[in-house]
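# Survey of secondary and tertiary structure
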Amino acid sequence: MAESDDIPPGPGSPHADPLGDPFLRTRFALPARPATFLRRARLAHHLDQALGTPLTMVNGAAGAGKTLLVADWAAGLEHPVAWLSLDPSLRGPGMFWAHLLQALRTHGVPVADGVGTPADAGSVHHTLLTRLAAQLGTDGDELTVVLDEYDRIGTPEVAEQLEFVLHHAGPGLHLVVVTRTEPLLPLHRYRAAGALTEIRNAELAFTPEETVALLRRHGLRLSVQAAAALVERTGGWAAGLRLCALAAQQHPDPEAYLKEFEAGHSTVADFLLAEVLKRQPPPTQDLLLRVSVLDRFCADLAGELTGRGDAEAILAGLHRENAFVEDLGHGWYRLHPLFREILRAHLRERSAELEPRLHLRAARWLGRSGYVPEMLTHGAAAGEWDFTAGALVDDLALGQLFTGLRTGHLVDLFSGMDPAAASPAAELVRVARDLSRGDLDHALARLGPVRERLAAAGPGTAAGRLGCALLEALAARVTGSPQRAEDAVRAARELQHELPADLLDKHPELSALLLTHLGSTRLWAGDLDAARAALTTVAGTTTGAATALPRADALELLALIDHLDGRPATAERKASAALAETDRYGLAEGAGTGLGNVVLAAVAVERDDLTEARDLLDRTPGPAVHDPVTAAGRSLATARLLLARGRARAALEAADPVVPAAVRSPWQRLHTALVASSAHLAEGRPDLATKVLEQLGGEHPVLAVATARARLAAGDPDTALGLLDPAGTVGGAGPAVLVRATLLRAQAAHTAGDTATARRLVAQAVAEARHERLRRPFREAGPWIEPYLADARAAGPDRGALPFPVEPLSGRERDVLLRLAQMMSTEDIAADLYVSVNTVKTHLKSVYRKLAVNRRNDAVRRARELDLL
């Protein structure tokens with residue numbers, strides 16, 4: 001007779017484990033859900049997939065809500081669920097299988113006597129596993145086995161035996177493993193076969209909406225926005241949210257508590273310190289406390305702070321254990337935000353003097369490794385201001401204080417700089433900070449001495465001297481000092497040869513800022529061709545976000561030049577492109593000078609859209625840095641708007657404000673005189689209007705036209721017509737100047753009784769005004785023009801008070817425009833017209849182009865003005 005495989009009856013029995021101790025019923029009971037438990041449908045739906053796969057893993061950190069989630073889901077199942085909560089005393093295979101068999105019996109799953117019972121706490125007979133596998137999940141019976149806190153069982157032997165049973169059991173068996181760490185089961189095999197359901201830490205995190213619902217169960221009301229801030233701080237960690245809610249209930253202002261609670265001294269801190277930190281061995285606790293001063297860290301950086309060489313293995317282990325250490329990829333990690341906050345408070349209490357030393361060590365490592373922005377943060381946190389300022393200047397990053405991208409961060413970083421920091425770099429940072437906030441007096445007082453200190457220091461200070469030249473150029477711009485800007489840019493170009501090319505390549509904003517400041521001062525000085533050359537170079541750069549603000553700045557200055565030349569459409573395109581550039585890179589409103597809106601307002605006045613002009617001027621923020629070009633441009637645009645509204649005296653006052661500058665700008669003087677002349681004409685004083693202009697001297701198309709207008713008003717048509725010779729002074733001027741010149745010649749012909757010539761010239765002016773959509777010159781002309789405009793309207797294809805040029809819209813473009821007026825979205829228009837979204841976008845671009853607008857509302861408004869809707 002063959003030897004039997006039956007397991008001989010041993011000392012174990014259904015009522016005692018292999019050690020002879022009774023089974024504890026708490027290990028087999030489904031955990032009770034508290035009254036405030038929130039069932040989250042998205043997770044429950046995901047868990048339902050467990051019924052279609054043999055293996056499910058719910059893997060998350062302590063307090064992530066794993067156990068309650070699975071217990072709530074399991075309680076709703078219609079088939080038997082065997083629940084077993086594991087602990088280290090069940091580590092041996094015999095103990096594990098004895099308890100699993102007891103879990104099956106406890107939950108009503110029949111286990112045949114022939115399966116047997118482990119008699120040895122440390123081992124189990126393979127036959128028992130075979131017979132158990134042959135029984136479980138067969139004959140269409142569904143059975144779910146939940147192993148909670150599986151991470152307490154790290155024995156490879158148990159994992160291999162569990163995998164054997166699961167592999168050979170019937171399809172009705174579903175194993176759910178709830179764990180803090182990756183189990184030793186061959187997950188890759190199940191994952192590849194589509195036989196694994198996984199829920200991990202990130203999915204377990206509460207969303208803001210779920211947080212609102214959870215807090216409501218605690219009798220607390222919080223907006224979704226406030227909940228989002230709480231989620232960001234806690235990482236959506238379930239236990240943290242519940243502990244916060246419980247603490248907030250005891251607070252007189254729960255919402256304020258949830259926004260500002262001191263994590264370092266809270267029940268959350270107690271939980272994390274006990275459940276996470278104190279479970280780690282002392283070296284790991286020390287590492288966690290030290291890296292809490294960092295936003296992110298790698299093994300080398302952690303080693304720098306701990307002085308040990310085992311950080312890589314420790315960090316990898318902490319991440320595997322879901323010990324609130326997140327793997328960012330490429331060898332970098334970060335702590336859970338709330339855990340880090342608590343550890344930092346803990347570190348400060350235990351060793352306050354250590355924290356600044358850790359920051360300094362981190363700063364030096366980050367500097368050596370090329371992570372300059374983070375180095376600056378930690379240098380400042382260490383209170384090492386000369387070191388930190390030196391790092392900023394030596395990295396040529398001083399210009400970033402003026403690019404809008406890191407400006408706020410750097411200003412905040414150095415806002416607490418110790419007055420005792422007295423290095424040239426620290427002084428340069430102070431000058432830059434003063435200039436960035438418009439404190440010109442302090443900036444200029446410091447700039448000279450620091451320049452002399454750097455010059456005296458000689459070689460090795462090229463980076464500092466280049467930073468000084470940048471600040472000199474900016475100071476020249478804001479003081480209206482063209483020669484000073486030329487000298488600063490020349491010095492900067494010479495210094496660039498002394499610096500590494502790769503370091504200069506890292507900072508394209510330096511050249512862009514220098515050229516923009518140079519272009520602005522050249523513009524202020526009236527050298528428009530030289531200004532255009534410098535600014536066009538900047539506008540043409542394609543170096544991304546670093547130069548976005550200088551590019552926008554240059555485009556706005558170029559737009560002003562076009563406006564001064566009488567080319568409103570070109571000016572509008574460049575000003576709009578400048579605003580689009582700042583929007584594209586998310587630069588804060590007010591980061592630039594605001595000149596773009598000023599130019600657009602001036603263009604709106606030319607088009608007689610006075611409401612739009614007022615809105616644009618009102619929306620123009622005060623420039624962060626004083627800028628004489630913007631100040632003068634804004635004053636002139638305001639004066640033109642007041643003139644258009646018939647407020648001549650107010651226009652006179654607005655046109656000539658006090659703009660502090662080393663030299664007076666010729667174009668500001670010219671256009672101020674033009675406003676004054678127009679104001680005198682509006683009040684019936686042509687002689688004064690002429691006198692104001694004659695004091696200027698020189699030749700300029702716009703001056704010639706204005707003088708001709710004054711002469712014509714004074715009854716001197718011959719002189720006026722002599723000034724308006726198209727082949728002479730006004731030749732080559734922009735459309736806004738030419739249209740006015742043509743209308744003055746028409747007016748002279750009308751006064752002389754030559755109506756045919758007047759009619760021809762008005763028609764010519766209308767044609768010239770079409771592309772630019774000019775209205776203001778026709779308003780300025782006076783009532784004599786009305787009959788001629790009526791003739792022009794009758795002869796032309798367009799309608800309205802003045803004919804606007806509009807390229808005919810296609811049928812499809814009209815369809816899109818009609819739906820645009822109905823406030824339909826691009827997607828809705830596409831669906832309504834049975835075309836793609838891209839097709840709608842193409843039609844929209846064409847409509848915008850033909851109507852010469854850039855926005856939806858403007859397109860609708862323009863179309864209504866033109867009776868297209």
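Note that this is a predicted model, so its numbers are computed, not measured. (Residues numbered from 1 in each chain as written. Predicted model: local features only at pLDDT ≥ 70, side-chain atom pairs only at ≥ 80, totals over all residues. Heavy atoms only, no water.)

The topology assignment puts Ala463 in helix α23 (residues 462-478). On the basis of relative accessibility, which here comes to 10%, the residue Ala463 falls in the buried class. Remark: the alpha-carbon pair of Ala463 and Ala569, spanning 106 residues in sequence, is separated by 42 Å. (Helix = DSSP H or I, 4+ residues; strand = E, 2+ residues; numbered from the N terminus. Buried < 20%, exposed > 50% of the residue type's maximum accessible area, 1.4 Å probe, protein only.)

Across its 17 residues, helix α34 (residues 666-682) extends 24 Å between first and last C-alpha, which sits within 8% of the 24 Å expected from 1.5 Å per residue. Burial within α34 is extensive, with 14 of its 17 residues counted as buried. Looking one or two places after α34, you find Gly684, whose phi comes out positive at around 75°. (Expected span 1.5 Å × (residues − 1).)

Here we take up helix α30 (residues 595-606). Its twelve residues place the ends of α30 17 Å apart at the C-alpha level, agreeing with the 16 Å of an ideal helix rising 1.5 Å per residue. Among the residues of α30, Leu595, Gly596, Asn597, Val598, Val599, Leu600, Ala601, Ala602, Val603, Ala604, Val605 and Glu606 are the ones counted as buried. Of the surrounding secondary structure, the elements contacted by the buried residues of α30 are α28 (548-564), α29 (568-584), α31 (610-619), α32 (628-644), α38 (735-751) and α40 (776-781). Immediately downstream of α30, the backbone of Asp608 shows phi near 65°, a positive value. (Contact = heavy atoms within 4.5 Å.)

Another aspect to go through is the sheet that holds strand β3 (residues 143-148). Pairing in this open sheet of five strands is parallel, and the strands run β2-β3-β4-β1-β5 from one edge to the other. This sheet does not close on itself; its edge strands, each paired only once, are β2 (81-85) and β5 (196-200). Taking the axes of each pair of neighbouring strands and ignoring which way they run, one obtains an average angle of 10° across the sheet. Pairing between β2 and β3: five bridges, direction parallel. The residue of β3 that forms the bridge with Trp83 is Val146. (Pairing = 2+ DSSP bridges. Axes fitted to C-alpha atoms, helices over the stretch in contact; angles between N-to-C directions.)

Working note: non-glycine residues mostly have negative phi, and peptide bonds are mostly trans. Backbone geometry at Phe324 places phi at a positive 65°, although glycine is not the residue there. Considering the arrangement of structural elements, one finds Phe324 in the loop between α15 (311-320) and β7 (325-329). One non-glycine residue with positive phi stands out, namely His330, at about 55°. Turning to its location among the elements, His330 is positioned in the loop between β7 and β8 (332-335).

Take the confidence of the model for the protein chain next. The share of residues in the protein chain with pLDDT of 70 or more is 94%, and the mean pLDDT across the chain is 88. Below a pLDDT of 50 lies the segment residues 1-12, which in the model reaches eleven contacts outside its immediate sequence neighbourhood of four places, other chains included. Here residues 798-806 is modelled with pLDDT under 50, and outside its nearest four sequence neighbours on either side it reaches 27 contacts, counting other chains as well. (pLDDT = per-residue confidence, 0-100.)

Moving on, we get to the side chain of Arg433. Locating Arg433 in the fold gives a position in helix α21 (residues 424-436). With no salt bridge to any partner, buried Arg433 finds its closest opposite charge in Asp434, at an N-O distance of 4.3 Å. The residues touching Arg433, leaving out its near neighbours within four places in the chain, are Phe414 and Met417. (Lys, Arg positive; Asp, Glu negative; His and termini not counted. Salt bridge = Lys/Arg side-chain N within 4 Å of Asp/Glu carboxyl O.)

As summarised here, the arrangement of the three strands in space is β6-β8-β7, forming an open sheet in which the pairing is antiparallel. Of all the strands in the sheet, the pair left with one neighbour each is β6 (297-298) and β7. Inspection of the sheet shows β7 paired to β8 by four bridges, in the antiparallel sense. What sits directly across from Val325, in β8, is Leu335.

This part is about the packing of helix α10 (residues 238-249) against helix α12 (residues 267-277). Where α10 meets α12, the closest approach of the two axes is 8 Å, and the angle between their N-to-C directions is 145°. Across the interface between the two elements, Ala239, Gly240, Leu243 and Cys244 of α10 pack against Thr267, Val268 and Phe271 of α12. Tallied by class, residues from the contact of α10 with α12 come to five nonpolar, two polar and no charged. (Nonpolar A, V, L, I, M, F, W, Y, C, P; charged D, E, K, R; others polar.)

We now examine the pairing of β8. Pairing of β6 with β8 involves two bridges; the strand directions are antiparallel. For Phe297, the partnering residue across the bridge sits in β8 and is Tyr333. In sequence, β7 turns back onto β8 through a hairpin of two residues, with His330 there showing a positive phi of about 55°.

On to the packing of aromatic side chains, then. Under the counting rule described, the total for this entry stands at eleven aromatic pairs. Their ring planes at 85° and their centres at 5.2 Å tell us that Trp237 and Phe324 sit as a pair that is edge-to-face. One end of the pair, Trp237, is in the loop between α9 (224-234) and α10; the other, Phe324, is in the loop between α15 and β7, and 87 residues separate them in sequence. Considered together, Trp237 and Phe324 belong to a single accessibility category, that of buried residues. Their ring planes at 85° and their centres at 6.1 Å tell us that Trp524 and Trp667 sit as a pair that is edge-to-face. Of this pair, Trp524 sits in helix α26 (residues 508-524) while Trp667 sits in helix α34, placing them 143 residues apart in sequence. Residues Trp524 and Trp667 agree in their burial class; the two are buried. Across the ring face of Phe206, the terminal group of Arg40 is positioned such that the distance to the ring centre comes to 3.7 Å. Directly above the ring of Tyr371 sits Arg296, whose terminal nitrogen or CZ lies 5.2 Å from the centroid. (Phe/Tyr/Trp six-rings, centres within 6.5 Å; stacked < 30°, edge-to-face > 60°. Lys NZ or Arg CZ within 6 Å of the ring centre and 35° of its normal.)

Note on placement: Thr36 falls in the segment before α1 (41-48). Residues Thr36 and Ala213, spaced 177 residues apart in sequence, show a C-alpha to C-alpha distance of 10.0 Å. For Thr36, the contacting residues outside a window of four places in its chain are Leu214, Arg217 and His218.

To continue, consider the environment of Ala548. Within the element layout of this structure, Ala548 appears in helix α28. Residues contacting Ala548, with those up to four places away along its chain left out, are Glu581, Tyr585 and Leu587.

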